[in-house]
Structures are given as structure tokens and as C-alpha cells.
Amino acid sequence: MSEAPDRVTATESAVDLLTKLTELNGGLMIHQSGGCCDGSAPMCYPVGEYRIGQRDVLVGTIELADPLPAVHIWINGDQFELWKHTQLILDVVKGRGAGFSLEAPEGVRFLSRSRAFSDDENTLLAASPPKVGADFE
């Protein structure tokens, strides 16, 4: 293995929901919550409605079909330190999620699943650390 794995992926149902929400609301971003309000739910917002902090980590992007923009996935820096050894897998399940997250009226909610990276994957990822909010100012 010579290429670092993606730090975040999405199931087909998550990509379908992101596509629908993007078509309705324009560009989106997700912030993986660290335990406030709805526990540790991924929260979906229109781009610009959630302020990214200098220490927030861009863990990856979910590509949508052209011409729709990719969805950036962020996590708090302290939370990233706890999760950096795992790949986040964005999924969708039935049930009402957070009132703050765009999918709430759809009768479904985003859910983060994860898998642990192998030692080799962790080595590759350590060689190319992700960008943080301060890198974009």
C-alpha cells in the first residue's frame, strides 16, 4: 500500500441524501459533533452557516455528481486526536435527528460509523496530516 486511505467515506444512501440536500440548499458542509446537543452526531449545514474554528480539522470530502460541489467534513481538533486512528463512514438511518441538522425534516439522520485503520494505514496518514481551519484563513 502506497497511498493513504481516505479519512472519511460515505455510504450510497448518505451520498444520495447529501445530493438531495445540496440540490435544495446549495453547498453543504458537515461537522462531526463532539458531544454537545445531539451527542456525537454528524451535523449538516449550508456552507457558511457553521463557523469553522482554527483548530477544526478537515478530515475529508464527499464528492457529489457534477455539477454539485463536494461536501467538506470537519471535526474539532481535540475530537480528531481521539478519532485519528479511525476512518469515519458517513451513513443514514431512519429516525429524527438533530433539529439543527438539515436532514431533520426528512425523517432520517446522519450517523457516523467507523473502522480502525491498520498500522500501515496509520503510518501513511501520519506522513500527510490533514488541514485545519487556520490553513484556510
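Since the model is a prediction, treat every value here as computed from it, not as a measurement.

A.B. asks: How do you make sense of the nonpolar core when you look at a structure like this?
C.D. replies: Buried together is how nonpolar side chains tend to be arranged in soluble globular proteins. Ranked by size, the top nonpolar core spans 22 residues in total, and within it Leu18, Val59, Val71 and Phe110 carry the most contacts. For this core, the secondary-structure elements that each account for two or more residues are helix 1 (12-25), strand 2 (28-32), strand 4 (57-62), strand 5 (71-75), strand 6 (86-94) and strand 7 (108-116). Element by element, the count of residues in this core is highest for helix 1, at four residues. Grouped together as the second largest cluster of nonpolar side chains are six residues, Ala41, Met43, Tyr45 and Leu58 included.

A.B. asks: For this particular structure, what's the right way to read unusual backbone geometry?
C.D. replies: The bulk of non-glycine residues show a negative phi, and the bulk of peptide bonds are trans. In the segment running from Asp66 into Pro67, the intervening peptide bond is cis, with an omega of 10°. Mapped onto the elements, Pro67 comes out in the loop between strand 4 and strand 5.

A.B. asks: What exactly am I supposed to notice about the packing of aromatic side chains here?
C.D. replies: The tally for this structure, following the rule as stated, stands at two aromatic pairs. Taking 5.1 Å as the distance between ring centres and 25° as the angle between the ring planes, the aromatic pair formed by Tyr45 and Tyr50 counts as stacked. With a relative accessible area of 13%, Tyr45 lands in the buried category. Under the relative-accessibility criterion, Tyr50 is labelled partly exposed at 29%. Relative to Phe136, the ring of Trp74 has its centre 5.6 Å away and its plane inclined at 70°; by these criteria the two rings are edge-to-face.

The rules behind the values
Residues numbered from 1 in each chain as written. Predicted model: local features only at pLDDT ≥ 70, side-chain atom pairs only at ≥ 80, totals over all residues. Heavy atoms only, no water. Core = buried A, V, L, I, M, F, W, Y, C linked by side-chain atoms within 4.5 Å. Buried < 20%, exposed > 50% of the residue type's maximum accessible area, 1.4 Å probe, protein only. Helix = DSSP H or I, 4+ residues; strand = E, 2+ residues; numbered from the N terminus. Phe/Tyr/Trp six-rings, centres within 6.5 Å; stacked < 30°, edge-to-face > 60°.

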